[in-house]
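Structural description and commentary
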Amino acid sequence: MSFYDWFFLEKGRTPEGLFSWQHLVSVTMTFVLALGLAYFLGKSFVDNKRKQRLVMIVAGFLILAVQISKIAFLLHESTDTFWNVIVGNAPLYLCDLQIFIIPLAAITKGRFQKWCLDFVAIWGITMGFMGTYFAGNIYPVHCVIGFAAINSLLNHLISAFASMFVLRAKMAKFEKRDIPFVIGILVFFMTLALVIDYIRGSNFMFFFDGGGTPFTIFLNMFGGALIPYQISIYVLQCGYMGIFYLSYYGLSRYLYGRKAKLEAKKEEGK
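Residues numbered from 1 in each chain as written. Predicted model: local features only at pLDDT ≥ 70, side-chain atom pairs only at ≥ 80, totals over all residues. Heavy atoms only, no water.

**Here's the deal with the overall build of the protein chain**
A count of helical and extended segments in the protein chain gives 10 helices and 0 strands. Across the protein chain, helices and strands are ordered from the amino to the carboxyl terminus as α-α-α-α-α-α-α-α-α-α. Projected onto its principal axes, the C-alpha coordinates of the protein chain cover approximately 75 × 45 × 35 Å. Across the 270 residues that make up the protein chain, the buried fraction comes to 43%. A fraction of 73% describes how many contacts in the protein chain between residues 6 or more apart in sequence connect residues 24 or more apart. Counting only carbon and sulfur atoms, one obtains 71% of the accessible surface of the protein chain, whose full area is about 14,600 Å². Across the protein chain, 24 positive and 15 negative side-chain charges occur, with their mean positions spaced 13 Å apart. (Helix = DSSP H or I, 4+ residues; strand = E, 2+ residues; numbered from the N terminus. Buried < 20%, exposed > 50% of the residue type's maximum accessible area, 1.4 Å probe, protein only. Contact = heavy atoms within 4.5 Å. Areas by Shrake-Rupley, 256 points an atom, 1.4 Å probe, with all protein chains shown as cover. Lys, Arg positive; Asp, Glu negative; His and termini not counted. Charge placed at Lys NZ, Arg CZ, Asp CG, Glu CD.)

What follows is the structure in structure tokens.
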């Protein structure tokens, strides 16, 4: 058997399964390494804008390369038309959005870049965690050491890396005036995915089927009714961003108040 058959096509192999020790060990080891490297680089480059941009450019290039390699493999193996493969595998799931946002955060400037950086910071680690540990569309059907699983793993790890780097390097500002625009990025891509789903009969963002994700719970809750289920996806995903902002501002006020009290006590002790 050739390496191509073994690694890319996984011929004669049996997937280890979701939550198998092989799955959990491979994800945990690489996740820790990615976050550790991001933290170290973020701490090192906290005051160096040029190096911050360089790291983001590299991350943007790598995540694009991972997506391009996936499409190239699918084009090689598929008997479908070129455009059906391209559109049918467009990065329009929530975990895929960093393929757009990380490069934009790296090469743009001004307020738009701030929106992108905030988006990367808010979603990256969550996307990385959910898309690796709970990848119900990958590990039940693909081997841990195989092209499909490793390609998906790299995609989500780069998202997590970029998020940790942006947070540790203090590149995300989370200004209140930017909140509608940052959430608007998500709404734009969700709406685009929903429109394509209706046109093509696809399932981007899991708008028509939970696909093994926790969204299945809500689809069952609404008895399979699509409209309330699709609304719930908007509410849940935008709501997560709202909760993030509330938590951030609450924690910031707490830390600021604690710092003020400590400084006041120091002044009293002089």
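So that's the structure; there's more coming.
**Some thoughts on helix α3 (residues 49–77)**
The end-to-end C-alpha distance of α3 is 42 Å, a good match for the 42 Å that 29 residues give at a rise of 1.5 Å each. What α3 keeps buried is the set Gln52, Val55, Met56, Ala59, Gly60, Ile63, Val66, Gln67, Ile71 and Phe73. Residues of α3 that are buried make contact with α1 (3–8), α4 (82–88), α5 (98–107), α6 (110–133) and α7 (147–168). The opening residue of α3, the one whose side-chain oxygen lies 3.3 Å from the backbone nitrogen of Arg50, is Asn48. (Expected span 1.5 Å × (residues − 1). Polar contact = N/O pair within 3.5 Å; in protein donor to acceptor, adjacent residues only side chain to side chain.)

**As for the pattern of salt bridges**
Note on pairing: side chains with opposite charge can pair once their charged atoms come close. Under the criterion given, the structure shown has 5 salt bridges. A salt bridge links Lys11 to Asp5; the shortest N-O distance between them is 3.8 Å. For Glu175, the salt bridge goes to Lys114, with nearest N and O atoms at 3.0 Å. Residue Glu175 is located in the loop between α7 and α8 (179–200), and its partner Lys114 is located in helix α6; the two are separated by 61 residues in the primary sequence. One network of salt bridges, with partners in common, ties together Arg111, Lys114, Glu175, Arg177 and Asp178. (Salt bridge = Lys/Arg side-chain N within 4 Å of Asp/Glu carboxyl O.)

**Comments concerning unusual backbone geometry**
The backbone of Glu10 shows a phi angle near 55°, a positive value even though the residue is not glycine. You can call Glu10 buried: its relative accessible area is 11%. A positive phi angle, close to 70°, is found at Phe19, a residue other than glycine. Examined against the element boundaries, Phe19 turns out to sit in the loop between α1 and α2 (21–44).

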